[in-house]
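Chains, contacts and geometry: an overview
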Amino acid sequence: MSSLNKKFPRLLPTPITPGMKASDLIDGAFKAYNGGRLAEACRLLTQKMLANNGTVGLSLTGALTPAGLGRAAIVPLMKAGFVDWIISTGANLYHDLHFGLGMHLFAGSPFLDDVVLRKDGVIRIYDVLFDYDVLLDTDAFVRQVIQGKEFQKTMGTDEFHYRLGKYVYEREVQLGLHETSMLSAAYQYGVPVFTSSPGDSSIGMNVAAMSMRGSKLQMDVNRDVNQTAAIVYDAKSSGQTSSVFILGGGSPKNFMLQTEPQIQEVMGIEERGHDYFLQCTDARPDTGGLSGATPAEAVSWGKIDPDTLPDCVVCYADSTITLPMLTAYALDRVEPRPLKRLYKRRDAMLEAIRSQYLKHGTVEKIGHRTDLSTSAKKKAPAPKKGRSGRSVTGTARAKQKAVPAGQKKATKR
C-alpha cells in the first residue's frame, strides 16, 4: 500500500439514507471537488472560527436577501452568536427591508419577457419577482424614517443601520412578524452592520435625495474604516481570534480584509493578520480582481496570518447553496454562543485603537514589519506580545480547542 494512507483520509462516503440531517450529509458524502471544499468550510467554521468565542465577521455581496437568505440563514446565525459583525452591500440591506416591512416577493422564472414585466410594473432579479410598488413603498419608509431628529447628523454606517433597524423592528412588531429582517435582528442582537459604499444602493439614493430637502444626514466613512479596524484589534488584543466569512467578494470583502493593513501598515501597530478565512465565491483568481483573490495572496498584504493559511478555505460555489448548508451545519454542531453585542462597545473599541495609533503611529513613513521568520519573532520586544504571542498589548491568546464534528459545546447565553 502506498504512503497516501499516512497523509490523507480514505475516500469512503457514507451512503445517503432517508431522513439524513444536512450536517451528516455533508460529513458523510461531500468528499471531493467543491463538495469537499464545502465540507472543509463547515469544519473550519465550527471547529476553529467559532471556537473559544472567536470574533467572526461576515461580508455579503450578490443578491442574497432578495432570495430570502437574510431570514433563512443570516438572522439565525446572528441569533446563535455565530456572526458578530457584518459588512454588506447597500443593496442587500435595502432588499432586506422588504421582508421586515411585510412586503411580498415571489419565486418566479429567469425566462420571462422583461419588456412585458416593465409594462406590468414587475421587477425581476433573475428568478425573483416583485411589484414596483415594493420599491416605492420601501423608499417612502426610508425617507420618512430618516427625516427624524436623531438622523440629522453625521454618523457611521453602523450607527445608521442600528437606528434604521430599530424602526424596522417596530414595524415587524406592528405587523405581527418575527425575525424576518437582518437589520431588525442586528438591532436586537447588537451586531454592527456596515456598508463599504453608502451611496451605491437605493438607501443611499434616498439619503441623497433628502439632502436636497435640507436633511443633515451624512455617512462618516472615516469612522467606518477606523471602527471596523477597532473591532478586529479588540478581538486580537484580547486574546481572541478574528475570522472572516466572505460570501461573494467585491467591495465588502476588501473592506473587511483591509482592517489588518489599516492596523499594521497605516497605524503602525504590530499585528499578523486575520486568523481564519472562509470564502464562497464563483470568482476566478487569474483575472486579478479582488473578488477572486486567494487567502494566500492576502498573506502578502498582511491581511491573513501565514501561520493559519493551511486552514483557510475557498469554496467555488453559489452562496445561495453554500450559506444554507453552512448555517444548518453550524446550528447542528455547535451550541449557541453568548452574544458579543459589539455595537454597544463601539466607542470604547474606537478609543482603544486610537490610543494605540497615537502611541505607535506616525505621520512619517512606517517602518517595515514584514519579516515573519522565526528569528524575527524571537527578536520582538517582550511588551509587544499578545495575539498568538505577536501583537502589542501583552495578552496571550487562549489555546485553541477544536469542537469535534458532531459534538456540541455547552455555553451560556
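Position numbers for residues start from 1 in each chain and track the written sequence from start to end. Local features in a predicted model are, by the rule used here, given only for residues with pLDDT of at least 70; side-chain atom pairs are given and counted only at 80 or more, and totals for whole chains, interfaces and linings are based on all residues. Heavy atoms from the whole structure form the basis of all side-chain values; hydrogens and water molecules are not counted.

1. Some points on the sheet that holds strand β1 (residues 55-60)
By this definition, two strands are paired if DSSP reports at least two bridges between them. Here a strand is any run of E in DSSP of at least two residues, a helix any run of H or I of at least four, and the numbering for each starts at the N terminus. If you trace the six strands from one edge of the open sheet to the other, you get β7-β2-β1-β9-β10-β11, paired in parallel fashion. Looking at the sheet topology across the chains shown, the edges are occupied by β7 (193-195) and β11 (313-315). If you compare each strand with its neighbour and ignore which way they point, the axes differ by 15 degrees on average. Here strand β2 (residues 85-88) pairs with β7 via three bridges, running parallel. What sits directly across from S88, in β7, is T195. Any pair of residues with heavy atoms lying within 4.5 Å of one another is described as a contacting pair. A fitted line through C-alpha atoms serves as each axis, taken over the contacting stretch for helices, and the angle formed by two N-to-C directions is quoted from 0 to 180°. Across the face of the sheet, helix α5 (residues 90-100) comes into contact with β1, β2 and β7 while running at roughly 105 degrees to β2.

2. Side note on the sheet that holds strand β5 (residues 128-131)
The strand order across the open sheet built from three strands is β3-β5-β4, with neighbouring strands paired in antiparallel fashion. The sheet is open, and its two borders are formed by β3 (106-107) and β4 (122-125), each paired with just one other strand. Pairing analysis gives four bridges linking β4 to β5, with the strands arranged antiparallel. Paired with I123 across the bridge in β5 is F130. Sitting on the sheet, helix α7 (residues 132-146) is in contact with β4 and β5, with an inclination near 65 degrees to β5.

3. As for the confidence of the model for the chain
Confidence along the chain averages 90 in pLDDT terms, with 89% of residues attaining 70 or more. One number per residue, pLDDT, summarises how confident the predictor is, and it ranges from 0 to 100. Counting interchain partners and residues more than four positions distant, the pLDDT-below-50 stretch residues 374-406 has 79 contacts.

4. Details of the environment of I321
Mapped onto the secondary structure, I321 falls in helix α15 (residues 319-333). For the pair I321 and C280, spaced 41 residues apart in sequence, the C-alpha separation works out to 9.6 Å.

5. Structural notes on the packing of aromatic side chains
Stacked, tilted and edge-to-face are the three classes assigned to paired rings of Phe, Tyr and Trp, where Trp is represented by its six-membered ring and a pair needs centres within 6.5 Å; plane angles under 30 degrees give stacked, over 60 edge-to-face, the rest tilted. For the structure on display, the rule yields six aromatic pairs. Aromatic pair F151 and Y167: ring centres 6.3 Å apart, planes at 45 degrees, arrangement tilted. Here F151 is found in the loop between α7 and β6 (154-155), whereas its partner Y167 is found in helix α8 (residues 157-175), with 16 residues between them in sequence. A relative accessible area of 24% places Y167 in the partly exposed class. Taking 4.0 Å as the distance between ring centres and 15 degrees as the angle between the ring planes, the aromatic pair formed by Y162 and Y343 counts as stacked. A simple rule labels every residue: compare its accessible area, found with a 1.4 Å probe on the protein chains alone, to the largest value its type can have, and call it buried under 20%, exposed over 50%, or partly exposed in between.

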